[in-house]
Amino acid sequence: MDSIIVRGNGPLKGQIPIAGAKNACLALMPATLLSDEPLTLTNAPRLSDIRTMSELLASLGAEISTLQEGKVLAASCHGEINPVADYDIVRKMRASNLVLGPLLARLGHAVVSLPGGCAIGARPMDIHVDALTALGAEIELKEGYLHAKTRGGLKGATHEMRFASVGATENFLMAASLAKGTSVLKNAAREPEIVDLATCLRAMGAQIEGDGTSEIVIEGVDRLHGATHPVVADRIELGTYMLVPAICGGEVECLGGRVDLIESFCERLDAAGISVEQTKDGVKVSRKNGRVRAVDVVTEPFPGFPTDLQAQMMALLCTAEGTSVLEEKIFENRFMHAPELLRMGANIEVHGGHATVHGVEKLKGARVMATDLRASVSLILAGLAAEGETVVSRVYHLDRGYERVEDKLSAVGAQIERVKAD
Ligand code: EPZ
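Residue positions are given per chain, counted from 1 along the sequence in the order it is written. This being a predicted model, a pLDDT of at least 70 is required before a residue's local features are given, and a value of 80 or more before pairs of side-chain atoms are given or counted; all residues contribute to the totals for chains, interfaces and linings. Hydrogens and waters are ignored; side-chain quantities use all the structure's heavy atoms.

(A) Broad picture of unusual backbone geometry. For the bond from Phe302 to Pro303, the omega torsion is 15°, close enough to zero to count as cis. Within the fold, Pro303 resides in the loop between strand 18 (297-298) and helix 10 (310-317). Phi angles above zero are rare outside glycine, and Glu143 is one such case at about 50°. By the criteria applied, helices consist of DSSP H or I runs no shorter than four residues and strands consist of E runs no shorter than two, each listed in order from the N terminus. Of note, Glu143 is situated in the loop between strand 8 (137-142) and strand 9 (145-150).

What follows is the structure in structure tokens.
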């Protein structure tokens, strides 16, 4: 397993290109199952999760080819479709569950393994099952697999989700696009990745309105055709790299970034004393002066503060002036970065869903271990600002969601290198 070594190197300055959104691409790729015509995704990120989704779709009978060094994904699904999403692939990545809706819509049946455990929480699928059942699916759990079928195809319906689940919204959108009649999804997730998926489905001929709000209306159509769609910028990668000048000092411009994708995050940065400016090329960030101010954070569904930026924000607040309280309201176990930050001299108390961070002057480099995708990058951020050397092990977690992290950070002056496992 590779490690990454980071050495604190003072203020950093330069430009970092922001890639296409992992969490948009992982929902867009299964949309290829909805049509027998090609779907081309441009601005695709080059990540291990994308390769895992490609592997899963290929096992179902789709053909996925990568062009332009992986930035373009050309997908098509015109032959025999295998309706079984196997445990051995699904267990590697929860987003595999996004093939359930499309398989049901295209074939009328599907057998999809439950993803199994995840570091940050149990992450059940009840909201997905309820939403697809509302469209007429019959779904039962047998030996770890969801067996889903419809008699006579999916039918439009009105359904209110108990929680604004991102994945369940995406499964419902894709299934309802080919259902007979009108569907209305209430308490729908409003994330930009939902809007990106709806935009792509409309390009394929779907009739969808209200995406980005909590009520989405879908008029089912008989078939969907091929399309070419640019993956939206990754707001989580953007927020992560915006924290580099915040935690180290200096000034960084995140190329391709859009403030409107993470307004609540930008509001917290402003409250902490960080300057954020939308430029014609992206988002420019600098630390105004002196130490960062402590701020409180509560993670919520969009447009609230993104849970996927909580770990990274905690790294910033470890050296803020004062005490911050972070409340994690989306996942039940998403503070695993805290014990690793404690090894670096942070002062953090975790009680249930709350973490209280008492800012310290400086963190100290240490050997730390990545536990999940966003925790791993929070340790990199902490290492950039710490005195001495930090060695982050198990960086395969990092490679799931950040392409070429050491190249992007080296370009702004960071002292960072990857040590390949022998
Ligand atoms: C998406 O996961 C993202 N992943 C996650 O990003 C992100 O943290 C999450 O949305 C919340 O924004 C992708 O888009 C691939 P949810 P998803 O369904 O769809 C519970 C990252 O770091 N829940 O909105 O799985 C669930 O347990 C990843 O890039 C149920 O109880 O998120 C969680 O506590 C991590 N039953 C909460 O809802 C269900 O049927 C949010 O889940 C579904 C979800």
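On we go.
(B) Representation of helix 10 within the structure. Only protein chains enter the accessibility calculation, which uses a 1.4 Å probe; a residue whose area is less than 20% of its type maximum is buried, one above 50% is exposed, and one in between is partly exposed. Most of helix 10 is tucked away, with eight of its eight residues classed as buried. Burial in helix 10 covers these residues: Gln310, Ala311, Gln312, Met313, Met314, Ala315, Leu316 and Leu317.

(C) View of the site of the ligand. Here, proximity means that at least one heavy atom of the residue falls within 4 Å of the molecule or strand. Taken together, 24 residues lie near the ligand, and Ile127, Ser165, Asp308, Ile330 and Arg374 sit nearest. Here a polar contact is taken to be a pair of N or O atoms separated by no more than 3.5 Å, where protein atoms must pair a possible hydrogen donor with a possible acceptor and residues adjacent in sequence count only if both atoms sit in side chains. Between Pro124 and the ligand, the recorded distance is 3.2 Å, taken from a backbone N or O atom to an oxygen atom. Contacts to the ligand include Arg334, whose side-chain N or O atom sits 3.2 Å from an oxygen atom. For the ligand, the accessible surface in isolation is 820 Å², of which the surrounding protein chains cover 89%. Among the secondary structure elements, those contributing two or more residues to the shell around the ligand are helix 1 (22-28), helix 5 (126-134), helix 6 (166-176) and helix 12 (373-385). Nonpolar residues are Ala, Val, Leu, Ile, Met, Phe, Trp, Tyr, Cys and Pro. Charged residues are Asp, Glu, Lys and Arg, and all others, Gly as well, are polar. For the shell around the ligand, a count of residues per class yields eleven nonpolar, five polar and eight charged. Accessible surface area values rest on a Shrake-Rupley calculation with a 1.4 Å probe, where residue burial reflects the displayed protein chains alone.

(D) Quick peek at the pairing of strand 9. Pairing between strand 7 (residues 109-113) and strand 9: five bridges, direction antiparallel. For Val111, the partnering residue across the bridge sits in strand 9 and is His147. Hairpin connection from strand 8 to strand 9: two residues lie between these consecutive antiparallel strands, with Glu143 at a positive phi of about 50°. For two strands to be treated as a pair, DSSP must find no fewer than two bridges joining them.

(E) Geometry of the UniProt feature "modified residue: 2-(S-cysteinyl)pyruvic acid O-phosphothioketal" (unreviewed entry) in the protein. Here, UniProt's "modified residue: 2-(S-cysteinyl)pyruvic acid O-phosphothioketal" (unreviewed entry) annotation points to Cys118. We classify Cys118 as partly exposed; its relative accessible area is 31%. UniProt positions are given in the numbering used here, feature names are shortened, and annotations may be inferred rather than shown by experiment.

(F) Structural context of the side chain of Asp211. Summarising the element assignment, Asp211 is placed in the loop between strand 12 (207-209) and strand 13 (215-219). Only 2.8 Å separates the side chain of Asp211 from the side chain of Arg202, close enough to count as a polar contact. In this analysis, two residues are considered to be in contact whenever any of their non-hydrogen atoms come within 4.5 Å of each other. Those residues in contact with Asp211 that sit more than four places away from it in its chain are Val195, Ala198, Arg202 and Ile216.

(G) A look at the side chain of Ser3. Mapped onto the fold, Ser3 is located in strand 1 (residues 3-7). With relative accessibility at 16%, the residue Ser3 sits in the buried group. In contact with Ser3, other than residues within four places in its own chain, are Val391, Val392, Ser393, Val395, Glu417, Arg418 and Val419.

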